[in-house]
Amino acid sequence: MAENIGYGKVILFGEHYVVYGLSGIAGAMEHYVKAKIEKGEGKGFTLIDNRPETPGYKEKKREEIYKAIELMIKFLNIDLEKNPIKIILDGTLVCTSGNGSSSAMSTAIARALSGYFDLGMDDDKINEVSYEGEKASAGTPSGIDNTCATFGGLLIFRKNMEGGPNFIEKITVKEPIEIVIANTGITQSTKEVVADLRKAKESEPEKYERIFREYDQVFEEGKKALGDHDLKKLGELFDKNQDLLRESTISCDEIETIVRVAKDNGALGAKLTGTGRGGNVIALTPGKDLQDKVAEAIEKEGFMTTKTRIGV
Ligand code: MEV
C-alpha cells in the first residue's frame, strides 16, 4: 500500500494567459487530494473516488479523471495487466472547477504510484507525470496547476514555449494574507474554455495582443505589490486582471455577482481564479474581520465560500 497527497491551488494572476507563455502567480492551498494505492484484482486499475465535490463535478469529469490516470500509467510504462491496482481518492479539497482539483489528483496519484511501484521519483519527475495527467482536463495545459500541486507554496510560473524546463520561482510574502474563495457552483471544462480563447485570439489577434500587453503590466505590478506587501495596490491589480479576463470572455454572471458582492463588502479586489465561466472567485480580504464579513455576504447570495490564506 502507498498513499500521498497533491495540493489544490489558487491563481492570483495570469490564468489563461500563462498558456501562451506569459507569467503567472499562483499559490498552493492548504487543502489537498489524497491518493491511496493498494493491490487490485483482475487487470488494470479500479477507482474509488471519495473526494468531496461541488454537486455534479465527478460525474461531469468522469471521463477526464479516468483518462488522466491512463495517461500517467502509460507515461510511466507501468504494466497493470500483471499488477492490477486499486486507487482510492479522498482528502480535504472540495472538487470544483478552478481550484486545481484535477492536478491535485494527478500529483497525489503520481506520488502514490512512485511509492507503490518503488519508482523513486523526485519532485521534478512527479511534476512531469502530473503534467501528463493534466493533459486530460486542460488539453494544452500551461503546467501552472501541476507545479503548484507538486511543489506547494507561492510561486511565479512561466511556461517554456520552446519545450524546455518552465520558469518557476518560489516567492514569499511578509505575512500570510487572508482571502475568500467563492464557488459559483458551476463545473466548467478547462479544455473547452482554453480552446475557445485560442479561437478568439486567432480571429482577433490585435485585440488579444493588446490584452496580453496590458496583462504583462498587471503581472509586473502585481509581483512588486506582493513583494512590497502593498495590499491596496494588489487588490486594484486583481480588479484589473478581472477586467482583462472579462474582456477575454472568460467571466460569467455568477462570477460578476460574487465580485460585486465582495467589493461592496470591502474586499480590496476580486477576480475569477482558474478556468473561469464558472468555477471559483478569489477575493482579497486582509484581516480576519474583513474575511468573515465578505464570506458571510457571499454566502447570503447562495454561494459556498472557503476562508484561507496565501503565503502560509
Ligand atoms: C486552469 O487552472 C488554468 C488555465 O490557465 C489552464 C492552464 O494554465 O493550463 C486556464
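Residues numbered from 1 in each chain as written. Predicted model: local features only at pLDDT ≥ 70, side-chain atom pairs only at ≥ 80, totals over all residues. Heavy atoms only, no water.

Visitor: What is the right way to look at the packing of helix α8 (residues 231–247) against helix α9 (residues 253–264) in this model?
Guide: Geometrically, a packed helix pair is captured by the angle between its two axes and the distance between the axes. Running from N to C, α8 and α9 cross one another at 160°; their axes reach a closest spacing of 13 Å. Considering the angle they form, α8 stands roughly antiparallel to α9. When you trace α8 past α9, the crossing you get is left-handed. On α9, the residues touching Asp239, Gln242 and Arg246 of α8 are Ile255, Glu256, Val259 and Lys263. (Axes fitted to C-alpha atoms, helices over the stretch in contact; angles between N-to-C directions. Helix = DSSP H or I, 4+ residues; strand = E, 2+ residues; numbered from the N terminus. Parallel < 35°, antiparallel > 145°, perpendicular 65-115°, else oblique. Left-handed = near helix turned anticlockwise from the far one by under 90°. Contact = heavy atoms within 4.5 Å.)

Visitor: Please clarify how the packing of aromatic side chains should be interpreted in this entry.
Guide: Each aromatic ring pair is specified by the distance between its two centres and by the angle formed by the two planes. What the rule picks out here adds up to 6 aromatic pairs. When the ring of Phe45 is compared with that of Tyr66, the centres are 5.8 Å apart and the planes differ by 25°; the resulting orientation is stacked. In this pair, Phe45 sits in strand β3 (residues 45–49) while Tyr66 sits in helix α2 (residues 62–75), placing the two residues 21 residues apart along the sequence. Their ring planes at 85° and their centres at 4.9 Å tell us that Tyr116 and Phe117 sit as a pair that is edge-to-face. On the accessibility criterion, Tyr116 (25% relative accessible area) is partly exposed. (Phe/Tyr/Trp six-rings, centres within 6.5 Å; stacked < 30°, edge-to-face > 60°. Buried < 20%, exposed > 50% of the residue type's maximum accessible area, 1.4 Å probe, protein only.)

Visitor: Could you clarify how one ought to interpret the layout of surface pockets in this entry?
Guide: Over the atoms rolls a probe the size of a water molecule, and in doing so it shows where empty space is left. Computed from the structure, the largest pocket encloses a volume of approximately 350 Å³. Looking at the lining of the largest pocket, the elements with two or more residues in it are α4 (123–138) and α5 (144–151). In terms of residue count, the dominant contributor to the lining of the largest pocket is α4 (4 residues). Residue composition of the lining of the largest pocket, by class: 3 nonpolar, 8 polar and 3 charged. Volume-wise, the second largest pocket comes out at about 160 Å³. Every residue lining the second largest pocket is counted, 14 residues in all, and those nearest its centre are Val94, Thr96, Asn99, Met304 and Thr306. In terms of residue class, the lining of the second largest pocket is made up of 6 nonpolar, 8 polar and no charged. Counting contributing residues per domain, the lining of the second largest pocket is built from domain 1 (2–171) and domain 2 (177–310), each supplying no fewer than three. (1 Å grid on protein atoms, 1.4 Å probe; cavity = no way out; pocket = protein on both sides within 12 Å on 5 of 7 lines; lining within 4 Å. Points joined across faces, edges and corners; volume = space filled by probe spheres on them. Nonpolar A, V, L, I, M, F, W, Y, C, P; charged D, E, K, R; others polar. Domains from an automatic or database assignment.)

Visitor: Could you clarify how one ought to interpret the sheet that holds strand β7 (residues 177–183) in this entry?
Guide: Backbone hydrogen bonds hold the strands of a sheet together, and the pairing may be parallel or antiparallel. One open sheet holds the 4 strands; their spatial order is β8-β9-β7-β10, and the pairing between them is antiparallel. Every interior strand has two partners, whereas the edge strands, β8 (269–273) and β10 (304–310), have only one. Across this sheet, the average inter-strand angle for adjacent strands is 25°, counted without regard to direction. By the bridge criterion, 7 bridges tie β7 to β10 in an arrangement that is antiparallel. Considered in β10, the bridge of Val180 is made with Lys307. On the sheet, α8 packs against β7, β8 and β9 (280–284) and is oriented at approximately 45° with respect to β8. (Pairing = 2+ DSSP bridges.)

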